[in-house]
Amino acid sequence: MRRKLLVLLASLSLIVGVSPVEAAKREATTKKPVTHKSAKKTQKAQKKLVAARSTKPVKRVALNEDPAQLAIRSSAALVIDQSSNRVVIEKQPDAVLPIASISKLMTAMVVLDAGLDMHEVISIGAEDIDDLKGTRSRLPVGTTMTRETAMLLALMSSENRAANALGRHYPGGLRAFVEAMNRKSRALGMFDTRFEEPTGLSSNNVSTAHDLARMVTAAVRYPQIRMFSTTAEAKVELNGRIQQFGNTNSLVRSDNWQIGLSKTGYISEAGRCLVMQAWVAGKPVVIVLLDSQGKATRVGDANRIKRWMESA
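This structure is a prediction, so every number in the text was calculated from the model and none was measured. The residue numbers shown here count from 1 along each chain, following its written sequence. Totals for whole chains, interfaces and linings use every residue, but because this is a predicted model, local features are given only for residues with pLDDT of at least 70 and side-chain atom pairs only at 80 or more, for both listing and counting. In computing side-chain properties, one takes all heavy atoms of the structure into account and sets aside hydrogens as well as water.

Just give me the short version of the overall build of the chain, but keep the residues and values in it.
Working definition: helices are DSSP H or I runs of at least four residues, strands are E runs of at least two. Numbering for both runs from the N terminus. Secondary structure summary: the chain contains nine helices and 13 strands in total. In the chain, once contacts between residues fewer than 6 apart in sequence are set aside, the share between residues at least 24 apart is 64%. Residue-level accessible areas treat just the shown protein chains as cover; the underlying method is Shrake-Rupley with a 1.4 Å probe. Surface accessibility of the chain: about 16,300 Å² in total, with carbon and sulfur atoms responsible for 52%. Any pair of residues with heavy atoms lying within 4.5 Å of one another is described as a contacting pair.

Describe the pattern of salt bridges, and please don't skip the residues or the numbers.
Here the idea is simple: oppositely charged side chains can pair when their charged atoms come close. Think of a salt bridge as a Lys or Arg side-chain nitrogen and an Asp or Glu carboxyl oxygen that are within 4 Å of each other. Considering all chains together, one arrives at nine salt bridges under this definition. Across the salt bridge formed by Asp 211 and Arg 214, the nearest N and O atoms sit 2.9 Å from each other. Of this pair, Asp 211 and Arg 214 both sit in helix α7 (residues 209-219), three residues apart, which is roughly one turn of that helix. The buried label goes to any residue with under 20% of its type's maximum accessible area, the exposed label to any with over 50%, and the partly exposed label to all in between, with areas taken from a 1.4 Å probe on protein chains only. A residue is classified by how much of its surface remains accessible, and Asp 211, at 3% relative accessible area, is buried.

Go over the sheet that holds strand β3 (residues 76-81), please, and point to the residues and values.
Any two strands are treated as partners once DSSP identifies two or more bridges connecting them. Ordered by their spatial adjacency, five strands build an open sheet running β4-β3-β13-β12-β11, and the pairing between neighbours is antiparallel. Looking at strand neighbours, the two that pair on one side only are β4 (86-91) and β11 (258-267), the edges of this open sheet. With direction set aside, neighbouring strand axes in the sheet form an average angle of 5°. Where helix α9 (residues 297-311) meets the sheet, it contacts β3, β4, β11, β12 (271-280) and β13 (283-292), and its direction lies at approximately 145° from that of β13. Axes, fitted as lines to C-alpha atoms, cover a helix only where it is in contact. Angles between the N-to-C directions of the axes lie from 0 to 180 degrees.

Tell me about the pairing of β12, and name the residues and values.
The buried fraction of β12 is high, at nine of 10 residues. Across nine bridges, β11 lies against β12 in antiparallel orientation. The residue of β12 that forms the bridge with Gly 265 is Cys 273. The turn linking β11 back onto β12 is made up of three residues. Here β12 runs beside β13; their pairing, made up of eight bridges, is antiparallel.

Explain the pairing of strand β10 (residues 241-246) to me, using residue names and the numbers behind them.
Two elements, strand β9 (residues 233-238) and β10, share six bridges in a ladder whose sense is antiparallel. When the bridges of β10 are listed, Leu 238 appears paired with Arg 241.

Would you mind going over the packing of aromatic side chains in detail, with residue names and values included?
Between 30 and 60 degrees the pair is tilted, below 30 it is stacked and above 60 it is edge-to-face, where a pair is any two Phe, Tyr or Trp rings, Trp via its six-membered ring, whose centres lie within 6.5 Å. Inspection of the entire model under this criterion finds one aromatic pair. Between the aromatic rings of Tyr 170 and Phe 177, the centroid separation amounts to 5.1 Å while the plane-to-plane angle is 75°, which identifies the pairing as edge-to-face. The aromatic ring of Tyr 266 is capped on one face by Arg 272, whose charged end is 4.2 Å from the ring centroid. Sitting over a ring, as applied to charges here, requires NZ of Lys or CZ of Arg to be within 6 Å of the ring centre and within 35 degrees of the ring normal. Lying across the ring of Trp 257, Lys 306 places its NZ or CZ 5.7 Å from the centre.

Before we move on, can you summarise the nonpolar core with the specific residues and values?
We define a nonpolar core as any set of buried Ala, Val, Leu, Ile, Met, Phe, Trp, Tyr and Cys residues linked to one another through side-chain atoms lying within 4.5 Å. Met 151, Met 215, Ile 225 and Val 288 are the most contacted members of the largest nonpolar core, which has 63 residues in total. The residues touching Val 288, leaving out its near neighbours within four places in the chain, are Ala 76, Ala 77, Leu 78, Ala 209, Leu 212, Ala 213, Leu 274 and Val 275. Core analysis: the next-biggest nonpolar cluster, separate from the first, contains 22 residues, Ala 77, Leu 251, Val 252 and Ile 287 among them.

Break down the side chain of Ser 292 for me, with residues and values.
In this fold, Ser 292 is placed in strand β13. The class for Ser 292 is buried, based on a relative accessible area of 1%. Of the polar contacts made by the side chain of Ser 292, one reaches the side chain of Ser 74; its length is 2.3 Å. Setting aside residues up to four positions removed in sequence, Ser 292 forms contacts with Ser 74, Gly 271, Arg 272, Thr 297, Arg 298 and Asp 301. Polar contact is the term for a pair of N or O atoms within 3.5 Å; when the atoms are in protein, one must be able to donate a hydrogen and the other to accept it, and sequence-neighboring residues count only if both atoms are side-chain atoms.

Written out as C-alpha cells, the structure reads:
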C-alpha cells in the first residue's frame, strides 16, 4: 500500500531576448539612422524587458513532494486517498506511539458492536475519576446520562469520565471491555496497536499511523460515530442543568473543511494528535497526525496538507 513519494517536477519558463545580430538587422532596415544615443535607448529598453520577464514566478507542476518540504511538524503522519487506497503522504507511518484520546474511537466501536441499549441511563462513578493525569471533568461523580449522551461527550468533547463509564458499564466490566478493544483491533489488522483502558489517558495505549488509518476507515462505517465526532457543539441536560459542550477539533466549525469523522487526542507522552476522514480536492481522504508539539501544530499540519493537495 505504501509508495515512495514522487519527486517534485518544475517546468521553468525560458526567457529569450532579441540577439544583438537580430537587433542590428532590424535597425539596418529602419529609415532613421542609428545614433549613439538611440542605440543606448534601445539597449536600455531591452534590459528592462528582460528584467520584467525574469521577475515572473516560476510555474511548478507538483505531482508529489517530500513531507519535509510540506513542513509537516507532526512526528508521524499519513494521508490516504480512499478512492484509490493510495498513500499520498507518509512520515514515520510505522512508528509505535501513544495515541491518547484517539483511543475513544475504538471505545465507541466496541460499545456499538455490543448492541447495547443507547438509551439506557448510566452513571459517573468514583472509578471514572482520572487518577493517572489528574485531568478535570465537567461530570461530577453521581451524574447520570444515557449511554448515547456519554458517547457524544466522549467523541465530541473527549470527556474522559464519559468514556471510562462506557467501558465500565459494558457486560463483564472494564476488563472485558479492554479485551474487546484489543480483539477488535486485531480483527481490523491493527497488529502494532495495544489498548490498556478506554480513555487514552494511559501512555500504554499505543498504535501507528498505518493502524490508525485502518481504525478510522472502520469507524466511518458507524453513523453515530460520524455524527457525534463532527458535532460542533451541543447543549446537554446534566443533573437538572443545561450545559454546553464543544468539539475539541476547531476544524469541524470551519467552512473550508468537509469532515466526515474527527478525533483529537493529547497527553504529554503522545503530544497533540488528530485523525480525520474528510473530503479534500474532491477526494475522500484519511488524515492521521501524531505527536504534534504546540497547540496549533496539528491543525496547521492539516491545513498545509489540504492546501497542498488542492494546489497539486
